[in-house]
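Chain by chain, the residues:
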Amino acid sequence: VPWRAVALTLFPDMFPGSLGQSLAGQALEDGRWSLETVDIRGFARDKHRTVDDTPSGGGAGMVMRPDVVDLAVRDVRSRLGGDVPLIYMTPRGRPLSQNRVRELAEGPGVAVLCGRYEGVDQRVLDAHNVEEISIGDYVLSGGEVAALVLMDACVRLIPGVMGSDQSHAEESFEEGLLEYPLYTRPQEWEGRTVPDVLLSGHHANIRAWRREQAEAITRERRPDLWLAFNAAPEKSGCEEN
Ligand code: 6GU
């Protein structure tokens, strides 16, 4: 039974039937996962198919109605069962981590609620115990692109999707560091050369050089990751769970 992703959205067309040349797209064609969309507007009850209303207490924009979203969530839950986590993509959510991605990829799949307008009425999120997740500190026009990011991160961890399973374990990000820089042929390009150590065939030296590079770049670019790494260097996972 393949890993199952369901997107609840007002814009189902933003989820392509095929993901083109992407890794996730090939894995979708190979049947290693499935992607379904549920059009929230299909659960609006009035003749104008209204899904939103003005914010209580005033303010700009519109809010997605709890009754309409509830019907969509119930429909998805009845078809997926209670074991599939229900996630709401929002910049107010907890930051997505590689640890959470790994857990989700190991499970049966995800149901992802995508907000539009200013967001979804809080009561329906509370009623269904929805997990709120953000993909970073910037604002997107809706949750759809964020949902695709979450799905891509999970799908590449599904067994058999990536070329070799070693490619995960050897990612230095998996131990909480940024990746070391990569080089390939030609050995000299536009006056720039591949570092000598990488051509030496000395595997211990290569490993040590890559580790130094990963640590230096993490220290410079991501003091937050560097601090967490040094607090728990023996831990196999990355970040602070
Ligand atoms: Cl998950 N959704 C939206 N709409 N904007 C975001 C986000 C999510 N994460 C960062 N910005």
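Values in this document were obtained by computation on a predicted structure and should not be read as measured data.

S.K.: Which parts of the structure should I look at to understand the domain arrangement of the chain?
M.R.: Assigned domains of the chain: these are domain 1 (3-155) and domain 2 (170-231). A separation of 36 Å is found between the C-alpha centroids of domain 1 and domain 2.

S.K.: Could you clarify how one ought to interpret helix α3 (residues 98-106) in this entry?
M.R.: The α-helix winds at 3.6 residues per turn, so residues separated by three or four positions along the chain end up facing the same way. When we look at burial in α3, the residues that qualify are Gln98, Asn99, Val101, Leu104 and Ala105. For α3, the secondary structure elements touched by its buried residues are β1 (3-9), β5 (86-95), β6 (109-114) and α5 (143-155).

S.K.: Please explain the packing of aromatic side chains as it appears in this structure.
M.R.: By convention here, two paired aromatic rings are described through the distance between centres and the angle between planes. Counted by the stated rule, this structure contains 2 aromatic pairs. Seen in terms of ring centroids, Trp226 and Phe229 are 5.7 Å apart; in terms of plane orientation they differ by 25°. Their pairing is stacked. Placement of the pair is Trp226 and Phe229 together in helix α8 (residues 223-231), with a separation of 3 residues, close to one helical turn. On the basis of relative accessibility, which here comes to 6%, the residue Phe229 falls in the buried class. Over the ring of Trp226 we find Arg219; its NZ or CZ atom is 5.1 Å from the centre of that ring.

S.K.: So what exactly am I meant to see when it comes to the packing of α3 against α5 here?
M.R.: Each pair of packed helices gets described by two things: the angle between the helix axes and the distance between those axes. The contact between α3 and α5 brings their axes to 8 Å, and the two run at 70°. Relative to α5, α3 is oriented roughly perpendicular. In this structure, α3 contributes Val101, Leu104 and Ala105 to the contact, and α5 contributes Leu150, Ala153 and Cys154. Within the contact of α3 with α5, the residues separate by chemical class into 6 nonpolar, no polar and no charged.

S.K.: Please explain the site of the ligand as it appears in this structure.
M.R.: Looking at the ligand, the residues that line it are Met89, Thr90, Pro91, Ile133, Ser134, Ile135, Gly136, Tyr138, Leu140, Gly142, Gly143 and Ala146. With respect to the ligand, the backbone of Tyr138 contributes an N or O atom lying 2.5 Å from a nitrogen atom. Here a nitrogen atom of the ligand sits 3.4 Å away from a polar atom, N or O, in the main chain of Gly142. Expressed as a share of its isolated accessible area of 290 Å², the protein-covered part of the ligand is 96%. For the shell around the ligand, the secondary-structure elements that each account for two or more residues are β5, β8 (131-134) and α5.

S.K.: Is there a simple way to think about unusual backbone geometry in this case?
M.R.: Backbone phi values are negative for most residues with the exception of glycine, while trans is the configuration of most peptide bonds. Cis geometry marks the peptide bond from Arg185 to Pro186; its omega dihedral reads 0°. For Pro186, the location among the structural elements is in the loop between α6 (166-169) and β9 (188-189). In this model, Arg49 sits at a positive phi of 55°, which is unusual for a non-glycine residue. One can find Arg49 in the loop between β2 (33-39) and β3 (52-53).

S.K.: Can you help me understand the pairing of β1 in this one?
M.R.: A regular strand places its side chains on the two faces of the sheet in alternate fashion. Of all the 7 residues making up β1, 6 are buried; the element is thus mostly covered by neighbouring parts of the structure. Note: β1 against β2, 7 bridges, orientation parallel. Of the residues in β2, the one forming a bridge with Thr9 is Asp39. For β1 and β6, the ladder comprises 5 bridges, and the chain directions are parallel. The residue bridging Val6 from the neighbouring strand is Ala111, located in β6.

Here is what the cut-offs are and how they apply
Residues numbered from 1 in each chain as written. Predicted model: local features only at pLDDT ≥ 70, side-chain atom pairs only at ≥ 80, totals over all residues. Heavy atoms only, no water. Domains from an automatic or database assignment. Buried < 20%, exposed > 50% of the residue type's maximum accessible area, 1.4 Å probe, protein only. Helix = DSSP H or I, 4+ residues; strand = E, 2+ residues; numbered from the N terminus. Contact = heavy atoms within 4.5 Å. Phe/Tyr/Trp six-rings, centres within 6.5 Å; stacked < 30°, edge-to-face > 60°. Lys NZ or Arg CZ within 6 Å of the ring centre and 35° of its normal. Axes fitted to C-alpha atoms, helices over the stretch in contact; angles between N-to-C directions. Parallel < 35°, antiparallel > 145°, perpendicular 65-115°, else oblique. Nonpolar A, V, L, I, M, F, W, Y, C, P; charged D, E, K, R; others polar. Near = heavy atom within 4 Å. Polar contact = N/O pair within 3.5 Å; in protein donor to acceptor, adjacent residues only side chain to side chain. Areas by Shrake-Rupley, 256 points an atom, 1.4 Å probe, with all protein chains shown as cover. Pairing = 2+ DSSP bridges.

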